[in-house]
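# Residue-level structural notes
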Amino acid sequence: MNRIIDPRADRLLLSAASHGRGPLAAHVLALAARSAAGLALPAVLASAVDSVLSGSAVAGPLASVAAVCGLVVLGEAAASVTRAHFTARATARLRRDAVGGLLSGPPRPLSATGGGALAVPVVAGAPEAAGGPVALAQSAITALSALGAVAALGLLDLWTLGAYGVVASFGFLVLWRFMADSTEAAHRYQHAQACLAERLLNSIAGARTIAVSGTAKREARQILAALGPLHAAGRAFWEAVGRATRGVEVLVPAVQGAVLAVAGTGVVQGRLTPGALAAALLYAVQGLAVFDQAALLSTVARARAGAGQVDSLLARPRPRHGSLPLPEGRGELRLEDVTVADSAGRLLLDRVNLVVPGGGVTAVVAAGPQGTAVAWLAARLMDPDSGRVLLDGADLAELRPEELRAAVGYAPSAPRLFGRTLEQAVGGDAPAPDRLQAAARAAAIDDYVARLPLGWHTPLHAVAVSDGERQRLGIARALFREPRLLVAEDATSNLDTVTERLVNRVLTVAPRRGSRLLVTRRASVAARADLVVWFDGPRIRGVAPHRVLVSDPDYRAALAQAPGSGPAPRLAGRAEP
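Quick caveat, the model's predicted, so the values are computed rather than measured.

Within the protein chain, the secondary structure is distributed over 22 helices and ten strands. A total of 577 residues make up the protein chain; the buried ones form 48% of that total. Total accessible area computed for the protein chain in this model is approximately 27100 Å², and 61% of it derives from carbon and sulfur atoms.

Below, the structure is given as structure tokens:
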């Protein structure tokens, strides 16, 4: 029963309706015209029947019946067209909003949020929710039409209305139970669908490991195990539909029998004409339409469940952005009394105060996830739990987002490539050829691109890249924008020794303008940096050149033992951006 009232889902349905006001208004008008014609049909039909039985002229009444039937058909056709228009428009808007909520929120681990749980609201939840407003409109028009039919029945004969009311009152119990059962089942079905999608996505991501370990059959069984709850929820939903349908099937003949008996008695007594008897039967059937809405109400139930899923993405916390411009400077990064904790409440940074000088290269060395935390703070992939992060004296949270993204470049250890072509993956929508080539040379990826048949115009889906090539393309993407502050997080971990040496020479040379922050556990990178920030746990233990710190055995232990030994530990409870 608690699923019947869901204010957040209902607010989202109202929001979807507001985004397609024009098509929805046209749909409501078409439904209203069809319903009005339907209400007029019993009256004109009664007139035609009485005219035939009395021997009067029938041409006029029959023409009225034909005209009203034509209006019913035209209204239904218009309702179908406007319904499709609104649903397509609302689906597109909800999907844009859902994707925006997903991408603008802070990074989270898929294991915590569920890859399937994030995909289902966009793929399935949005179209389900988009169908809600039209189903609600149709249900409301049907209810008003049924109310009009009951009123017309009362105008014809109060005794007939009384017989209708006594029997039809049981239909409200059928509707209430159906709405409660179907809404709960729809929520369970979509949750099971998300679990199934999540298991499938996780298995696809680890397909190579599954293949070499010979566990394909076990993984398949685990994926298909999610079909059990999916089947149970789907069965419960359609059983609720079946119960409602059976209830209506019993209710309709019972009401018709009661109305026929009372109205027939009225004809015998001279209280009603034969035409009025026919109209009473038609009005009774139209009055029962409010109970014969299993399909509409199931659509509403699925829509509210889908709206709840879309709302789960829209409700994700989004970073607050300011409207300040970035002042002039050379990329000085400053952390003021910054504290960061992971999802379990463990301190990653504890009241850290740090200045990364502008115009130089600073390395961050840590045996734990502190380096990643500093990198994410500098790129504003997350905000501190307390304290401030400033770039050239401006709080990152107060900057305009477009200026922040133009000023700070980020090269992760495992970058993802996006776009239609390799050119777009590195240079965005408006790549400059000279800058693109310079960034490629600096990342030692220009020879690879030159060997491709279409060069930079090669479709991204047709490019087979190794982990090292992907990493170099990620570095080129960060360098392409010529950022004031370049943040590289173990950005050469997948490169061979020769290529790594070439790329590190570029990363560790102070840029003409701006600064660089390199998170690393490699002695070769730390040695070339102007300054090393050494973390021992959540606090800074030393800030000095590598040649000064290297005499400390604890510092040497924090460095990787050898090239290729792997990246620094990740942040617990957070995801790769």
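Here the narrative resumes, following the displayed structure.
Attention shifts here to the environment of Gly358. Note that Gly358 resides in the loop between β2 (347-356) and β3 (361-366). The spacing of Gly358 and Glu332 is 26 residues in sequence and 4.0 Å in space, taken between C-alpha atoms. For Gly358, the residues in contact, after removing those within four places along its chain, are Arg330, Gly331, Glu332, Gly514 and Ser515.

Turning our attention to unusual backbone geometry. Comment: phi is negative for the bulk of residues other than glycine, and the bulk of peptide bonds are trans. One non-glycine residue with positive phi stands out, namely Arg351, at about 50 degrees. You can see Arg351 is positioned in strand β2. Positive phi, normally seen in glycine, also occurs at Asp392, with a value near 50 degrees. Looking at the secondary structure, you find Asp392 in the loop between β4 (386-391) and β5 (394-395).

Overall, mixed pairing links the six strands, which are arranged β6-β7-β8-β3-β9-β10 in an open sheet. Of all the strands in the sheet, just β6 (408-411) and β10 (539-544) have a single pairing partner and so form its edges. Ignoring strand direction, the axes of neighbouring strands in this sheet form an average angle of 15 degrees. As paired strands, β6 and strand β7 (residues 485-489) are joined by four bridges and run parallel to one another. Among the inter-strand pairings, Val408 is bridged to a residue of β7, identified as Leu485. Where helix α13 (residues 370-378) meets the sheet, it contacts β3, β6, β7, β8 (515-519) and β9 (531-536), and its direction lies at approximately 150 degrees from that of β7. Sheet contacts for helix α18 (residues 467-480): β6, β7 and β8; angle to β6, the most-contacted strand, approximately 175 degrees.

Where helix α2 (residues 21-54) contacts helix α11 (residues 274-287), the axes come no closer than 7 Å and their chain directions differ by 160 degrees. When the axis of α2 is compared with that of α11, the two are roughly antiparallel. In the packing of α2 onto α11, the handedness of the crossing is right-handed. Between α2 and α11, the contacting residues are Gly38, Leu39, Pro42, Ala43, Leu45, Ala46, Val49, Asp50 and Leu53 on the first element and Pro274, Gly275, Ala276, Ala279, Leu282, Tyr283 and Gln286 on the second.

Within the structure shown, the criterion is met by 15 salt bridges. Close ionic contact of Asp350 with Arg351 constitutes a salt bridge, the shortest N to O distance being 3.2 Å. Several salt bridges converge on common partners, so that one network encompasses Asp536, Arg541, Asp552 and Asp554.

By the element assignment, Asp157 lies in the loop between α5 (115-156) and α6 (158-168). For Asp157, the side chain forms a polar contact with the side chain of Arg271, separated by 2.8 Å. Non-local contacts of Asp157, meaning those with residues more than four positions away in its chain, are made with Val262, Arg271 and Leu272.

In this section: the sheet that holds β4. Ordered by their spatial adjacency, four strands build an open sheet running β2-β1-β4-β5, and the pairing between neighbours is antiparallel. Strands with a single pairing partner mark the edges of an open sheet, and in this sheet they are β2 and β5. Here six bridges tie strand β1 (residues 333-341) to β2, and the two strands are oriented antiparallel to one another. Directly across from Val338, in β2, lies its bridge partner Val352. In this fold α13 packs onto β1, β2 and β4, with an angle of close to 60 degrees to the strand it touches most, β2.

Turning to the side chain of Thr520, a few remarks are in order. The residue Thr520 is located in the loop between β8 and α20 (523-528) in this model. For Thr520, a relative accessible area of 5% corresponds to the buried category. Engagement of the side chain of Thr520 in a polar contact is seen with the backbone nitrogen of Arg522, the distance being 3.0 Å. Thr520 has contacts with Ala363, Val364, Val365, Ala366, Asp490, Val525 and Ala526, leaving out every residue within four places of it along the chain.

What follows concerns helix α19 (residues 497-507). Inspection of α19 places Thr499, Glu500, Val503, Asn504 and Leu507 among the buried residues, and these make up the whole buried set. Relative to the axis of α19, the buried residues are bounded by an arc of 130 degrees and lie together on one face. On the buried face of α19, the contacting elements are β3, α16 (433-442), α18, β7, β8 and α20.

Further remarks concern the packing of aromatic side chains. By convention here, two paired aromatic rings are described through the distance between centres and the angle between planes. Applying the stated rule across the entire model yields one aromatic pair. Both rings, one in Trp534 and one in Tyr555, keep their centres 5.5 Å apart while their planes meet at 75 degrees; by these two values the pair is edge-to-face. You can see Trp534 sitting in strand β9 and its partner Tyr555 sitting in helix α22 (residues 553-558), a full 21 residues away along the chain. Both residues of the pair, Trp534 and Tyr555, belong to the buried class. Taking the ring centre of Phe480 as reference, the NZ or CZ of Arg435 above it sits at 4.5 Å.

The next point concerns the confidence of the model for the protein chain. Predicted confidence across the protein chain gives a mean pLDDT of 79, with 81% of residues reaching 70 or more. Mean pLDDT per element in the protein chain: helix α4 (residues 110-113) is the minimum at 39, and β4 is the maximum at 94. Throughout residues 108-116 the model reports pLDDT below 50, and contacts reaching past four residues in sequence, or to other chains, amount to 20 contacts.

The rules behind these values
Residues numbered from 1 in each chain as written. Predicted model: local features only at pLDDT ≥ 70, side-chain atom pairs only at ≥ 80, totals over all residues. Heavy atoms only, no water. Helix = DSSP H or I, 4+ residues; strand = E, 2+ residues; numbered from the N terminus. Buried < 20%, exposed > 50% of the residue type's maximum accessible area, 1.4 Å probe, protein only. Areas by Shrake-Rupley, 256 points an atom, 1.4 Å probe, with all protein chains shown as cover. Contact = heavy atoms within 4.5 Å. Pairing = 2+ DSSP bridges. Axes fitted to C-alpha atoms, helices over the stretch in contact; angles between N-to-C directions. Parallel < 35°, antiparallel > 145°, perpendicular 65-115°, else oblique. Left-handed = near helix turned anticlockwise from the far one by under 90°. Salt bridge = Lys/Arg side-chain N within 4 Å of Asp/Glu carboxyl O. Polar contact = N/O pair within 3.5 Å; in protein donor to acceptor, adjacent residues only side chain to side chain. Arc of directions from axis to C-beta. Phe/Tyr/Trp six-rings, centres within 6.5 Å; stacked < 30°, edge-to-face > 60°. Lys NZ or Arg CZ within 6 Å of the ring centre and 35° of its normal. pLDDT = per-residue confidence, 0-100.

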